[in-house]
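What follows is each chain in one-letter form.
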Amino acid sequence: MALKLSALIPLALAASLATMPAQAADKKDDDAAPIALPAPPAGKGQIVFFRPGGMGFAVGCSVNENGQKVSSLGAGKYFIMVTDPGKHEFTVKSEAKDALALEVEADETQFAKCRIKMGIMVGRPDLAPATEAEFREAKKLKLVDDEDMGPGPGALRAADVAAALAPKPAPAPAP
Amino acid sequence: MKIFLSRTLGVVSAWWLTGVAAAAQTVSTVPLEPVPPVAAQPGEACPAQSDCIAALTPVVLKIGTLLGSRVSTSGEMFPLTLAEPLVVDGRVVVPAGTPGMGEVVHAKKTGLGVGGELVLAARYLDFAGQRIRLRSMQVGGKGKDNQTLSYAVGATVGLPALFIRGKHIEVPPGTLAEAKVAARFVIPRPAQETPAPQAAPTPSTSEGKTDGP
């Protein structure tokens, strides 16, 4: 009996611990403003790469295109890549390589997510197409730090995002 | 020792249970969002005796073959048809059934706990010897993941986790998809539809008559 009780107590504790913080977090997140995404520049498209927190947070997920690093993507982070319309192929690599091809359309925003799937020795990054709803569901996402972004153009730095979101000055009225 | 073991078992079971619940909630297919109608662009006059389909005009397409993360390969072209006619000023300018082609941009089979992936793009419609370029196709997405379940079984049982795979995504033939016309397309009106010029009245024989001198 003592053994049964001792088994039940941690079970109940674990269940309450698993639900209570989630409820508290939900309340906090409801209050938090949703992430504002700027529209892509005219004639360009953009992809929002994000990585929800969870398993394999220690495994890297660095997004590359044509062998050049676009940006690292840590757990709970996101970045916006502005690019030309057309077909683009991205890769992530650690123990194994994964690739994702996307069709970027002008003036549209697409979404892709990185998850760490189970591997034999270490987790493997998996890059997959996603939806805006999935991006919005992933709570507490933060923009990747500038120093973790690739050297080339593509991933918007924090200042670029702020500038793109800033209200544009109204055109001067005609005399 | 027994108490330690039972506590560990309890915590792991609770984590496993929450993991299964989370896996069951994961739904990730791209929804079809309604495409708003597009007004004709100002400053782009349609040539005379022609019909113009504005860029970004929404079109409804029907997929012509079975596509899926298991059966399709990246780069493969697939047939499609126009499911609803394109109408300009109440006149059908491109009929339903007009054939076209799309491309499988990305296809990936399921992995350990992760669902299959499928990205499709509409390329063009073949109409009257010309191609109407298409863009922004809304179909496809990602199969359901079993990642959390795979992790949980891996942590508690071990090897059987290697047999837990995500779900494939499948697009059966006849599936409807939305896309947009990529650029303005001008269709000359058929000759019989153009109104004939007003014919000059032929003089009647009586009118031609003149009185004698």
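The sections below set out a description of the structure shown in this document. Quick caveat: nothing in here was measured; it's all calculated off a predicted structure.

**So, the overall build of chain B**
(1) Moving on: Scanning chain B for helices and strands turns up three helices and 13 strands.
(2) Moving on: The proportion of buried residues among the 213 residues of chain B is 38%.
(3) Moving on: For chain B, long-range pairs separated by at least 24 residues make up 70% of all intrachain contacts whose partners lie at least 6 apart in sequence.
(4) Moving on: With the model as given, the accessible surface of chain B reaches about 11,900 Å², and the carbon-plus-sulfur share is 61%.

**Some remarks on the pairing of strand 6 (residues 97-104) of chain A**
All names here are of chain A.
(1) Moving on: Counting buried residues along strand 6, six of its eight residues qualify, which places the element largely inside the surrounding structure.
(2) Moving on: Where strand 5 (residues 86-93) lies against strand 6, eight bridges are found, and the strand directions are antiparallel. What sits directly across from Thr-91, in strand 6, is Ala-99.

**Some thoughts on the pairing of strand 13 (residues 185-188) of chain B**
All names here are of chain B.
(1) Moving on: Of the two faces of strand 13, only the one carrying Phe-185 and Ile-187 is buried; Val-186 and Pro-188 on the other face are not.
(2) Moving on: Pairing of strand 1 (residues 50-53) with strand 13, which is carried by four bridges, proceeds in the antiparallel orientation. Bridging across to strand 13, Ser-50 finds its partner in Pro-188.

**Section: the pattern of salt bridges**
(1) Moving on: Taken as a whole and assessed by the stated rule, the structure comprises 15 salt bridges over all chains.
(2) Moving on: Measuring nitrogen to oxygen at the nearest pair gives 2.9 Å for the salt bridge that ties A:Lys87 to B:Glu103. Placement of the pair is A:Lys87 in strand 5 and B:Glu103 in strand 7 (residues 99-108), with the two residues belonging to separate chains.
(3) Moving on: Classification of B:Glu103 by relative accessible area gives buried; the value is 12%.

**As for a negative patch on the surface**
Residue and element names in this part refer to chain A.
(1) Moving on: Residues Asp-145, Asp-146, Glu-147, Asp-148 and Asp-160 make up a contiguous surface patch of negative charge.
(2) Moving on: With respect to the element layout, Glu-147 can be found in the loop between strand 9 (142-143) and helix 3 (158-165).
(3) Moving on: For Glu-147, a relative accessible area of 64% gives the class exposed.

**Topic: the state of the cysteines**
A covalent bond between the sulfur atoms of two cysteines is referred to as a disulfide.
Residues and elements named next belong to chain A.
(1) Moving on: Overall, the coordinates contain two disulfides over all chains when judged by the stated rule.
(2) Moving on: Shown here is the disulfide that connects Cys-61 with Cys-114, its sulfur atoms set 1.9 Å apart. With the S-S dihedral at roughly 115°, the linkage between Cys-61 and Cys-114 falls on the right-handed side. Taken as a pair, Cys-61 in the loop between strand 1 (45-51) and strand 2 (62-65) and Cys-114 in strand 7 (residues 109-117) lie far apart in primary sequence, 53 residues in all. When sorted by exposure, Cys-61 lands in the same class as Cys-114, which is buried.

**Quick word on the sheet that holds strand 3 (residues 68-72) of chain A**
All names here are of chain A.
(1) Moving on: The strand order across the open sheet formed by four strands is 3-2-5-6, and the pairing between neighbours is antiparallel. One side of each edge strand has no neighbouring strand; the edge strands of this open sheet are strand 3 and strand 6. Sheet twist, expressed as the mean angle between neighbouring strand axes with direction ignored, is 30°.

**Remarks on the side chain of B:His106**
(1) Moving on: Among the structural elements, B:His106 can be located in strand 7.
(2) Moving on: At 3.3 Å, the side chain of B:His106 forms a polar contact with the backbone nitrogen of A:Ala101.
(3) Moving on: Within polar-contact distance, the side chain of B:His106 engages the side chain of B:Glu117 at 2.8 Å.
(4) Moving on: Among all residues touching B:His106, those that are not within four sequence positions of it are A:Ala99, A:Leu100, A:Ala101, B:Ser74, B:Glu117, B:Leu118 and B:Val119.

**Describing the sheet that holds strand 4 (residues 77-83) of chain A**
All names here are of chain A.
(1) Moving on: Across the sheet, five strands lie side by side as 8-7-1-4-9; this open sheet has mixed pairing. Taken across any chain shown, the strands that pair with only one partner, and hence form the sheet edges, are strand 8 (124-130) and strand 9.
(2) Moving on: Across five bridges, the pairing between strand 1 and strand 7 is parallel. For Val-48, the partnering residue across the bridge sits in strand 7 and is Phe-111.

**A short note on the nonpolar core**
(1) Moving on: Counting residues in each nonpolar core, the largest one holds 30 residues, and the members touching the most others are B:Ile53, B:Leu61, B:Val94, B:Leu120 and B:Met137.
(2) Moving on: Counting residues per element, this core draws most heavily on strand 8 (residues 117-127) of chain B, which supplies five residues.
(3) Moving on: Excluding residues that lie within four positions of it along the chain, B:Leu61 makes contacts with B:Leu80, B:Thr81, B:Leu82, B:Ala83, B:Ala122, B:Leu125, B:Leu134, B:Thr175, B:Leu176, B:Ala177 and B:Ala179.
(4) Moving on: Counting residues in hydrophobic clusters, the runner-up holds 23 residues, among them A:Leu73, A:Val104, B:Val105 and B:Ala121.

**Some details on unusual backbone geometry**
(1) Moving on: For B:Ala128, which is not glycine, the phi torsion reads 50° and is therefore positive.
(2) Moving on: Following the sequence through the fold, B:Ala128 ends up in the loop between strand 8 and strand 9 (130-138).

**Description of the packing of aromatic side chains**
(1) Moving on: In total, this model carries five aromatic pairs over all chains according to the counting rule given.
(2) Moving on: Both rings, one in A:Phe49 and one in A:Phe79, keep their centres 5.0 Å apart while their planes meet at 20°; by these two values the pair is stacked. Separated by 30 residues along the polypeptide, A:Phe49 in strand 1 and A:Phe79 in strand 4 bring together distant segments of the chain.
(3) Moving on: For the ring pair A:Phe111 and A:Phe135, a centre distance of 5.5 Å and an interplane angle of 35° mean the geometry is tilted. Note that A:Phe111 is positioned in strand 7 and A:Phe135 in helix 2 (residues 132-137), a separation of 24 residues in sequence. The same class applies to A:Phe111 as to A:Phe135, namely buried.
(4) Moving on: When the ring centre of B:Tyr124 is taken as reference, the NZ or CZ atom of B:Arg131 above it lies at 3.9 Å.

Rules behind the numbers
- Residues numbered from 1 in each chain as written.
- Chains lettered and ligands numbered in written order.
- Predicted model: local features only at pLDDT ≥ 70, side-chain atom pairs only at ≥ 80, totals over all residues.
- Heavy atoms only, no water.
- Helix = DSSP H or I, 4+ residues; strand = E, 2+ residues; numbered from the N terminus.
- Buried < 20%, exposed > 50% of the residue type's maximum accessible area, 1.4 Å probe, protein only.
- Contact = heavy atoms within 4.5 Å.
- Areas by Shrake-Rupley, 256 points an atom, 1.4 Å probe, with all protein chains shown as cover.
- Pairing = 2+ DSSP bridges.
- Salt bridge = Lys/Arg side-chain N within 4 Å of Asp/Glu carboxyl O.
- Patch = residues over 30% accessible without salt bridge, like charges linked within 9 Å, V, L, I, M, F, W, Y side chains within 5 Å.
- Lys, Arg positive; Asp, Glu negative; His and termini not counted.
- Charge placed at Lys NZ, Arg CZ, Asp CG, Glu CD.
- Disulfide = S-S within 2.5 Å.
- Axes fitted to C-alpha atoms, helices over the stretch in contact; angles between N-to-C directions.
- Polar contact = N/O pair within 3.5 Å; in protein donor to acceptor, adjacent residues only side chain to side chain.
- Core = buried A, V, L, I, M, F, W, Y, C linked by side-chain atoms within 4.5 Å.
- Phe/Tyr/Trp six-rings, centres within 6.5 Å; stacked < 30°, edge-to-face > 60°.
- Lys NZ or Arg CZ within 6 Å of the ring centre and 35° of its normal.

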